[in-house]
Amino acid sequence: MPRDFHLETDLMHLGEEDCGPAVPPMHLTSTFTFDGWDDIDAAFEDRIDIPIYSRQSNPTTAIVEQKLARLAGAERATLYASGMGAIAAAILHCVNEGDHVVAVKNIYGPASNLLTGFLHQKMGLETTFVSGEDPAEFEDATRDTTRLYYLESPSSAVFSLQDIPAVTTLARSRDIRTIIDNTWATPLYQRPLEMGVDLEVHSVSKYLAGHSDLIAGLVLGSDADLRAMSPVEKELLGATVSPLTSWLLMRSLRTFTLRMQRHVESAMIVAQYLEKHPNVRRVRYPGLESHPQYDLARRQMSGFTGLMSFEVGTDSLDEVKAFVDALELFKLGVSWGGHESLVYAPAISYARELPPERFGELGISVADIRISVGLEHAEDLTNDLDRALRQLTP
Ligand SMILES: *Cc1c(COP(=O)(O)O)cnc(C)c1O
């Protein structure tokens, strides 16, 4: 078959050409057997691509990795058992004992804990955090020992952006590696590898899977980097994805572009609705002109997905609680990017440790609400928000 199809077509068929069944069978096997000594011996010659044992390679996973590389314009893709498995592998590939990292301060919490807690204790890794909004911050924070810039743009916590080409140009001039967590935008709407990023990581558990029924992670990058990682960070740390998860993901990717179009359309309707509502103080969403980095967002992204936050018009924790509990369609829970709309209030986690009057010191407001706009009809979602917002005294 010619290999110049559009993305949508490749997400259906790429890697599946030789199969008889419309849906490739799942290779739910731990190991692979060979005819003779010479055959298994030859397989070890190309242990990256020839399946010998499923922690190292699996044909079902290989089909999905081929599609994901195509989606992101990457030379190679490697699936992991979780987003954190992918992030840990990518960071460890880039750093050695005692190295220094410059990271964006509002990155995914466990990634931040990995850098400053675990890897600091285990291998003396030093991390400096910057807001990331001005590329000069990276330059100022760089030391002789800096080996890695770790980005997340937009960050899934406060939706701030980094100027990706500016940061990667600086990094390359200093021989510093770059990793970006691109989970929010997805490779459909932001192309970090084309902007000079070395490794793009994803929590596949969010939009790529899209059905809130699996946990997986992804590293995208050059053939050289991912080949080097395969026998080391992947096989030795062992956060390998299961063939069952890969097979479910293959199904998810068939509807990926369709799902994303709906998330994007509905999120804009919801964001604009919230921005106009008298009981909402402000909305944080890179797709709105009111976002402080809207121009940068337009420059380096081609679409805006469904996770956003807003501040309701009250300082009373009880009123915020009543608002959240009044939502019916938006289910209360962590995570995002699934078919179902979700709501979460950062105050729920913070209130376990701090009195509300101290939230401000951490850049968190009692009134912050985070929502993931799912695939329900947008009008049902705005109606649900409307009902709950009426609970508040304006
Ligand atoms: C959820 C998430 C992760 C972690 O992914 P898991 O699949 O839960 O391990 C990493 N980064 C971001 C931005 C996330 O939202």
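Provided above is the structure to which this section pertains.
Residues numbered from 1 in each chain as written. Predicted model: local features only at pLDDT ≥ 70, side-chain atom pairs only at ≥ 80, totals over all residues. Heavy atoms only, no water.

S.K.: Can you break down the site of the ligand residue by residue, with the values?
M.R.: Close to the ligand lie 14 residues, the nearest being Gly 83, Met 84, Asp 181, Ser 205 and Lys 206. One nitrogen or oxygen atom from the side chain of Lys 206 is found 2.7 Å from an oxygen atom belonging to the ligand. Within the complex, 91% of the 380 Å² of free accessible area of the ligand lies under protein. By residue number, the principal contributor to the shell around the ligand is helix 4 (residues 83-94), which donates three residues. Residues of the shell around the ligand, tallied by class, amount to five nonpolar, six polar and three charged. (Near = heavy atom within 4 Å. Polar contact = N/O pair within 3.5 Å; in protein donor to acceptor, adjacent residues only side chain to side chain. Areas by Shrake-Rupley, 256 points an atom, 1.4 Å probe, with all protein chains shown as cover. Helix = DSSP H or I, 4+ residues; strand = E, 2+ residues; numbered from the N terminus. Nonpolar A, V, L, I, M, F, W, Y, C, P; charged D, E, K, R; others polar.)

S.K.: Can you explain helix 3 (residues 59-72)? Please cite residues and give values.
M.R.: Taking 1.5 Å of rise per residue, 14 residues should cover 20 Å, and helix 3 covers 20 Å from first to last C-alpha, within 8% of that figure. Within helix 3, 10 of the 14 residues are buried, which leaves the element mostly enclosed by the surrounding structure. For helix 3, every residue scored as buried is listed here: Thr 60, Thr 61, Ile 63, Val 64, Glu 65, Lys 67, Leu 68, Ala 69, Leu 71 and Ala 72. For helix 3, the N-terminal capping position is held by Asn 58, with its side-chain oxygen 2.9 Å away from the main-chain nitrogen of Thr 60. Just beyond helix 3, the residue with positive phi is Gly 73, at close to 65°. (Expected span 1.5 Å × (residues − 1). Buried < 20%, exposed > 50% of the residue type's maximum accessible area, 1.4 Å probe, protein only.)

S.K.: Any chance you could break down the packing of helix 4 against helix 9 (residues 223-237) for me, citing the residues and the numbers?
M.R.: Relative to each other, helix 4 and helix 9 sit at 120°, their axes nearing to 10 Å. For the pair helix 4 and helix 9, the sense of crossing is right-handed. Residues Ala 89, Ala 90, Leu 92 and His 93 of helix 4 form the contact with helix 9, whose participating residues are Asp 225, Ala 228, Met 229, Glu 233 and Leu 237. For the contact of helix 4 with helix 9, the per-class residue count stands at six nonpolar, one polar and two charged. (Axes fitted to C-alpha atoms, helices over the stretch in contact; angles between N-to-C directions. Left-handed = near helix turned anticlockwise from the far one by under 90°. Contact = heavy atoms within 4.5 Å.)

S.K.: Mind laying out the sheet that holds strand 10 (residues 331-332), listing which residues take part and the relevant values?
M.R.: A sheet is described by the order of its strands in space; here five strands give the open sequence 8-9-12-11-10, paired in mixed fashion. Looking at the sheet topology across the chains shown, the edges are occupied by strand 8 (280-284) and strand 10. Bridge count for strand 8 against strand 9 (residues 307-312) is four bridges, and the pairing is antiparallel. Paired with Val 280 across the strands is Val 312, a residue of strand 9. (Pairing = 2+ DSSP bridges.)

Interpretation note: all reported values are geometric properties and have no functional meaning in isolation.
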